[in-house]
Amino acid sequence: KWLAQSYGTRAKSAKCPAAANLLELMERKKTNLCASLDVTTSAELLKLAEEVGPQVCCVKTHCDVVSDWTEATGAELQRLAKAHDFVVFEDRKFADIGNTAALQYECGLHKISSWSDFVNAHITPGPFVIDALKGVKGAGACLLLAEMSSKGTVATGDAYVKSALDMADAHPDFVMGFIDQTPKNWKCAKDVDPGYVHMTPGISLASKGDKVGQQYTTPHMAIVDNGADVVIVGRGIYGASDAKSASAEYREAGWKAYEARLQM
Ligand code: 6AU
C-alpha cells in the first residue's frame, strides 16, 4: 500500500511519467506542498510563484480568474518552475463531453496544454473525457476528482470513488492520481496502485472553513490520518501577510507529517 512507501520508491512504480516526475521531485526537494495561487492578476500570481517557489513541489493555478492572462503569464510560470524546481498544475476541472474538454484544454485564450504540466477532471462525463484530453497536442497528464472538500458535495460514496479508480486504471499512462480527501479510508484502498499521487485540498493550520462551504483539515490530519501525499494550500498561503514564511510553515508541517507516516 502507498502509505508505507516513500515517494521515491513509489516514483519507480508510477505508470504515468508526470506522476513519476512529481514523486521524484518531492523526494529530491523534500516538500509535499502545493501552493494554490488563486489571485486575479498576472503580476500577483508571478510574484507569489517567485516567493513560494523554493518551498513547493507544485504551483496550482486557476487561469480563468486572472483578468490579464496572456501567453507570457504561462511562459513566465514555466520559467519559474524550472528555476525553482516545481511543476505547474492548472485546476481546470474539466467536466464536459470529451470533444468540448479537449477544445477547452488546447484552445481559447488560455491554451492550457501549452504551459501546464497537468490538469484535473471530474469523472461525471465518464471515461472518454480522459481519452479526449490525452489526445490533445502537448497534453501532460490529469488527476481525477474522486472526492471534494466542499460541504454538501454529492460526489461521495464508495461507488463514486470506485468509478474514479476504475477510470484511472483504464488510463494509467495519463492519469497521475486523484484529488481526494480520505483515500486511506476508502473501501478499495488496498487496490490503489502506489504509483498514483493523492493531492488533497481543504488544508489550513488556522481555519476550519469559509462562508461558502469550504472545509479544512490540517496537514497532519490529511497526510497521517487520511492518506494524502500532497497538501494543497490556497488562502493559508496567499492570504497570509507573508506568503513566503507561510509557505515555509506549511512545507514543514507537511513534511513532518509524511516522515511520521513512514515511521508508522
Ligand atoms: O485553500 P483554499 O480553500 O483557499 O483553496 C483550495 C483550492 C481552491 C479550490 O478550487 C481547490 O483547492 N479545490 C479542489 C481542487 C484542487 O481540485 C477540489 C476540492 O474539492 N476543493 C478545493 O478546494 O483553488
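Residues numbered from 1 in each chain as written. Predicted model: local features only at pLDDT ≥ 70, side-chain atom pairs only at ≥ 80, totals over all residues. Heavy atoms only, no water.

(A) Quick peek at the layout of surface pockets. The volume enclosed by the largest pocket comes to roughly 410 Å³. Along the wall of the largest pocket there are 26 residues; nearest its centre are Lys60, Ser149, Pro201, Gly202 and Gln214. Contributing elements (two or more residues each) for the lining of the largest pocket: β3 (87–94), β8 (230–233) and α10 (235–238). Looking at which element gives the most residues to the lining of the largest pocket, the answer is β3, with three residues. (1 Å grid on protein atoms, 1.4 Å probe; cavity = no way out; pocket = protein on both sides within 12 Å on 5 of 7 lines; lining within 4 Å. Points joined across faces, edges and corners; volume = space filled by probe spheres on them. Helix = DSSP H or I, 4+ residues; strand = E, 2+ residues; numbered from the N terminus.)

(B) Examining the environment of Ala168 more closely. Tracing the backbone shows Ala168 in helix α8 (residues 158–170). Here Ala168 is in contact with Leu144, Val175, Phe178 and Tyr196, once residues within four sequence places are set aside. (Contact = heavy atoms within 4.5 Å.)

(C) Representation of the site of the ligand in the model. Lining the immediate environment of the ligand, one finds 17 residues, of which Asp38, Lys60, Ser149, Tyr216 and Arg235 sit closest. Note that an oxygen atom of the ligand is positioned 3.2 Å from one of the side-chain N or O atoms of Asn120. Gln214 is positioned such that a nitrogen or oxygen atom in its side chain is 2.9 Å from an oxygen atom of the ligand. Protein chains shield 91% of the accessible area of the ligand, which is 510 Å² for the free molecule. For the ligand, the cavity whose grid points lie within 2 Å of the majority of its atoms is the largest pocket. Class assignment for the residues of the shell around the ligand results in six nonpolar, six polar and five charged. (Near = heavy atom within 4 Å. Polar contact = N/O pair within 3.5 Å; in protein donor to acceptor, adjacent residues only side chain to side chain. Areas by Shrake-Rupley, 256 points an atom, 1.4 Å probe, with all protein chains shown as cover. Sits in = over half its atoms within 2 Å of the grid points. Nonpolar A, V, L, I, M, F, W, Y, C, P; charged D, E, K, R; others polar.)

(D) Just the UniProt feature "domain: Orotidine 5'-phosphate decarboxylase" (unreviewed entry) in the chain, in detail. UniProt annotation of "domain: Orotidine 5'-phosphate decarboxylase" (unreviewed entry) refers to residues 32–250 when read in the numbering used here. Note that residues 32–250 is 35% helix and 17% strand, and that its end C-alpha atoms are spaced 9 Å apart. (UniProt positions renumbered as here; feature names shortened; annotations may be inferred.)

(E) Quick peek at the side chain of Asn226. Take Asn226: it is sitting in the loop between α9 (219–225) and β8. Sequence-distant contacts of Asn226, that is, excluding residues within four places in its chain, are made with Gln181, Thr182, Pro183, Lys184, Asn185 and Met221.

(F) Geometry of the pattern of salt bridges. Taken as a whole and assessed by the stated rule, the structure comprises 14 salt bridges. Note that Lys93 is salt-bridged to Asp91, the shortest N-O span being 2.8 Å. Owing to a relative accessible area of 8%, Asp91 belongs among the buried residues under this scheme. Lys187 is paired through a salt bridge with Asp158; the nearest N and O atoms lie 3.7 Å apart. Of this pair, Lys187 sits in the loop between β6 (175–179) and β7 (197–200) while Asp158 sits in helix α8, placing them 29 residues apart in sequence. Look at Lys187 and you get exposed, because its relative accessible area is 68%. Residues joined by salt bridges that share partners form a network here, namely Arg10, Asp229 and Arg261. (Salt bridge = Lys/Arg side-chain N within 4 Å of Asp/Glu carboxyl O. Buried < 20%, exposed > 50% of the residue type's maximum accessible area, 1.4 Å probe, protein only.)

(G) Main features of the environment of Val233. When you line up the elements, Val233 lands in strand β8. Classification of Val233 as buried rests on a relative accessible area of 0%. Expressed as a C-alpha distance, the spacing of Val233 and Tyr250, which sit 17 residues apart in the sequence, is 8.0 Å. Leaving out residues up to four positions away in the same chain, Val233 has contacts with Leu33, Cys34, Ala35, Ser36, Ile203 and Tyr250.

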